[in-house]
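Reading the structure
Here is how the chains run, residue by residue.
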Amino acid sequence: MPPVIKVTDLRKNYGELRAVDGIDFEISRGECFGLLGPNGAGKTTTVKMLTCALPLSGGDITVDGLSVNNDPRGIKYILGVCPQEINLDPDFSVLKNLVVYSRYFDIPYAEAKKRAEELISRFHLHDKLDRPIEDLSGGLKKRLLLARALINKPKVLILDEPTTGLDPQSRRQIWEEVRGMKSNGLTTLLTTHYIEEAELLCDRLVIIDAGKIVEQGTPKQLIQKHLDGKGNLEDVFLKLTGKHLRDE
Amino acid sequence: MNNAFILKNISYRAWHMWRRNVDVSLVTWKTNIIPPLLEPVLYILAFGIGLGAYVQKINFDGRAYDYLTFLAPGMIAVGIMFHSTFDTMYGAFVRLRYQKTFDAVITTPLSAEDILAGEILSGATKGAFAGAAILLIVTLFGLASYPSSLVILPLAALAGLMFASFGLLFAALAPYIDNLNLPIFLFINPMFLFSGTFFPLDGMPAWVRLAANLLPLTHLVNITRAATFNRLSPALLWDLLYILVLTAAVAYLSIRKMKARLIK
């Protein structure tokens, strides 16, 4: 089966800076694929190019056979994007946020309302249905972002640091949701710098640093290869990317 | 992301963005609907009854008018300008920088151009609504002739597009929200005062008249005044042409500048 996402020699330059410096990977259908790296490694830049929010300096990304260079709209119809930053509409209620967002995908109102209500009950947001966004906790906002990313029934879900800044309870709840979606066969790309999260959720992952892939494989393979099977993925991560602090 | 593709990248989806902004205005409808209706009443009280008591008839285009009758079309034009410029200037800046709305929408099938065209359309809608609301009030005070004043309705939509484009351009060029004081001081306020809104430009020195003729609001006032005075003439087609050309140019430039800011 052809890969759902195929990234070929992807590049992004900002003047002299090579934010993404020739990376390649493929994601198969139904796979949960991790994109790991310290701050400033190029994760978010890669995600932005994949979601057609940033033009490429070189290379190509195809999603379900469509190229970001030729058919960004076609790709955006089939992507679900759960962003790192909370960019919900503060002027709208929980329900209205979902309904307004569904309009961007040309989903008719009756269908949008049906999907929104399903998602609200699935993500346990029904108590907050008519509440404004500012009344929600950080965990609930993230859950709503995740629900919003599913409103167009995407073929591929992009999770950009979905649990950053959350308490352990909310984090676990997001993990449960992601696992549920995975068991339903949804292809997922996850970026994170919580190594535990990647170890738990990802079938396969790449570790990137300074815009390049430094290692790839399954979490088990990486631990086996670098630590003789003794230790966890975080040790592998630190071994490969060094222990010095990173700037954003 | 070639700039030549700006027109090609605008689709019907711009209306989705328009609809989002209109929905926000409807959530906060009291603060959006009441000011355009009450502002002209304040103007009429302050300038018409207050100042107007000291002002003799105003001679304009060979006829004498009450001050309030003279002022009414100026109020309509100013209302269109303020409401559409401020909607995009502050609204788009907040959506770009603080609410991150554009970041959310850019990952949906809308292009950057769709989003920004939608912003201009919703700013224009606010301006057109304000123009219509003020026209209604001045009509109730018996300050507008009909049917010629009906011209103001489509004109308000067009001028709304022009001023909303200016607002979007200012938002695109301002690094911080406080920088938006600059276009207000240098552009909006001079227009408010010197576009023939409060007094005829005939008595001003030649260089002031020349400068005023460069300002877009002057051309809008020319048409709104002819409309409420029932003095529409073919000469106004020049004013209309000026507005059309400027609208197209500023809309293009504002989308280009804001897109560069959005995608980086």
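Here is a short report on the structure shown in this document. As the structure is a prediction and not an experimental result, all values here were calculated from the model.

How each quantity is defined
- Residues numbered from 1 in each chain as written.
- Chains lettered and ligands numbered in written order.
- Predicted model: local features only at pLDDT ≥ 70, side-chain atom pairs only at ≥ 80, totals over all residues.
- Heavy atoms only, no water.
- Helix = DSSP H or I, 4+ residues; strand = E, 2+ residues; numbered from the N terminus.
- Rg over C-alpha atoms; globule rule 2.2 N^0.38 Å.
- Buried < 20%, exposed > 50% of the residue type's maximum accessible area, 1.4 Å probe, protein only.
- Contact = heavy atoms within 4.5 Å.
- Lys, Arg positive; Asp, Glu negative; His and termini not counted.
- Charge placed at Lys NZ, Arg CZ, Asp CG, Glu CD.
- Pairing = 2+ DSSP bridges.
- Axes fitted to C-alpha atoms, helices over the stretch in contact; angles between N-to-C directions.
- Buried area = accessible area lost by both parts, 1.4 Å probe.
- Salt bridge = Lys/Arg side-chain N within 4 Å of Asp/Glu carboxyl O.
- Polar contact = N/O pair within 3.5 Å; in protein donor to acceptor, adjacent residues only side chain to side chain.
- 1 Å grid on protein atoms, 1.4 Å probe; cavity = no way out; pocket = protein on both sides within 12 Å on 5 of 7 lines; lining within 4 Å.
- Points joined across faces, edges and corners; volume = space filled by probe spheres on them.
- Nonpolar A, V, L, I, M, F, W, Y, C, P; charged D, E, K, R; others polar.
- Left-handed = near helix turned anticlockwise from the far one by under 90°.

Remarks on the overall build of chain A
- Across its full length, chain A holds nine helices and ten strands.
- For 248 residues, the compact-globule formula gives about 18 Å, and the C-alpha radius of gyration of chain A, at 18 Å, lands near that figure.
- Buried positions account for 53% of the 248 residues belonging to chain A.
- Excluding contacts between residues fewer than 6 apart, the proportion of contacts in chain A whose partners are at least 24 apart in sequence is 66%.
- Measuring between centres, the 35 positive side-chain charges of chain A sit 2 Å from its 36 negative side-chain charges.

With respect to the sheet that holds strand β7 (residues 156-160) of chain A
Residues and elements named next belong to chain A.
- Strand order in the open sheet formed by six strands is β6-β7-β8-β3-β9-β10, with mixed pairing between adjacent strands. Single-partner strands in this sheet number two, and they are β6 (79-82) and β10 (212-217). Shown here is a sheet whose adjacent strand axes are inclined to one another by a mean of 15°, direction ignored.
- In the packing of helix α1 (residues 43-50) onto the sheet, contacts are made with β3 (32-36), β6, β7, β8 (187-192) and β9 (204-209), and the angle to β8 comes to roughly 150°.

Some details on the interface of chain A and chain B
- Counting residues at the interface gives 25 residues for chain A, matched by 27 residues for chain B.
- Summing both partners gives a buried area of about 2,400 Å² for chain A against chain B, and 55% of it is carried by carbon and sulfur.
- Of all residues in chain A, R73, R103 and Y104 of chain A give up the largest surface area on contact with chain B, accounting jointly for 30% of the area buried on that side.
- Summed over the shared surface of chain A and chain B, the result is four salt bridges.
- Residue D23 of chain B is joined to R103 of chain A by a salt bridge in which the shortest nitrogen-to-oxygen separation is 2.6 Å.
- Inspection of the chain A/chain B interface yields 13 residue pairs in polar contact (both at pLDDT 80 or more).
- Listing elements by their share of the side of chain A that touches chain B, those giving two or more residues are α2 (72-78) and α3 (94-103) of chain A.

Concerning the layout of surface pockets
- The space that makes up the largest pocket amounts to roughly 930 Å³.
- In this structure, the largest pocket is lined by 33 residues; those nearest its centre are T44, K48 and E85 of chain A together with D103 and K264 of chain B.
- Sorting the residues of the lining of the largest pocket by element identifies α1 of chain A together with α3 (67-97), α4 (101-106) and α10 (236-262) of chain B as the ones contributing at least two each.
- It is α1 of chain A that provides the largest number of residues to the lining of the largest pocket, a total of five residues.
- A class-by-class count of the residues in the lining of the largest pocket yields twelve nonpolar, ten polar and eleven charged.

Brief notes about the pattern of salt bridges
- Across all of its chains, the model carries 27 salt bridges over all chains by this definition.
- D64 of chain A is paired through a salt bridge with K155 of chain A; the nearest N and O atoms lie 2.7 Å apart. Taken as a pair, D64 of chain A in the loop between β4 (58-63) and β5 (66-67) and K155 of chain A in the loop between α5 (138-149) and β7 lie far apart in primary sequence, 91 residues in all.
- Relative accessible area serves as the criterion here: at 41%, K155 of chain A is assigned to the partly exposed category.
- The shortest N-O distance in the salt bridge between D23 of chain B and K96 of chain A comes to 3.2 Å. A residue pair is termed interchain when its members come from two chains, as with D23 of chain B in helix α1 (residues 14-27) and K96 of chain A in helix α3.
- Judged by relative accessible area, K96 of chain A falls into the partly exposed class, the value being 29%.

Re the packing of helix α2 (residues 29-50) of chain B against α3 of chain B
All names here are of chain B.
- Two elements in contact, α2 and α3, have axes whose closest approach is 10 Å; the angle formed by their N-to-C orientations is 145°. Remark: the crossing between α2 and α3 carries right-handed chirality. Where α2 approaches α3, its residues P36, E39, P40, Y43, I44, F47 and G48 are matched on the opposing element by Y67, L68, L71, M75, V78 and H83.

A word on the pairing of β10 of chain A
Residues and elements named next belong to chain A.
- Pairing between β9 and β10: five bridges, direction antiparallel. Residue pairing across strands places V206 opposite Q216, the latter belonging to β10.
- The hairpin formed by β9 and β10 contains two residues between the paired strands, and A210 there has a positive phi angle of roughly 50°.

A short note on the sheet that holds β4 of chain A
Residue and element names in this part refer to chain A.
- Pairing is antiparallel across the open sheet formed by four strands, whose spatial order is β2-β1-β4-β5. Both edges of this open sheet fall to β2 (17-27) and β5, since each of them pairs with a single strand only.
- Examined bridge by bridge, β4 and β5 share two bridges and lie antiparallel to one another. If you follow T62 over to β5, its bridge partner there is S67.
- Relative to strand β1 (residues 5-14), α1 is tilted by about 115°, and along the sheet it contacts β1, β2 and β4.

Some words on the pairing of β1 of chain A
Residues and elements named next belong to chain A.
- One ladder, built from eight bridges, connects β1 with β2; its direction is antiparallel. Bridge assignment links V7 to a residue of β2, and that residue is F25.
- Between β1 and β2, which follow one another and run antiparallel, lie two residues, and G15 among them has a positive phi close to 60°.
- Bridge analysis of β1 against β4 gives five bridges, and the strand direction is antiparallel. When the sheet's bridge partners are listed, R11 is paired in β4 with G58.

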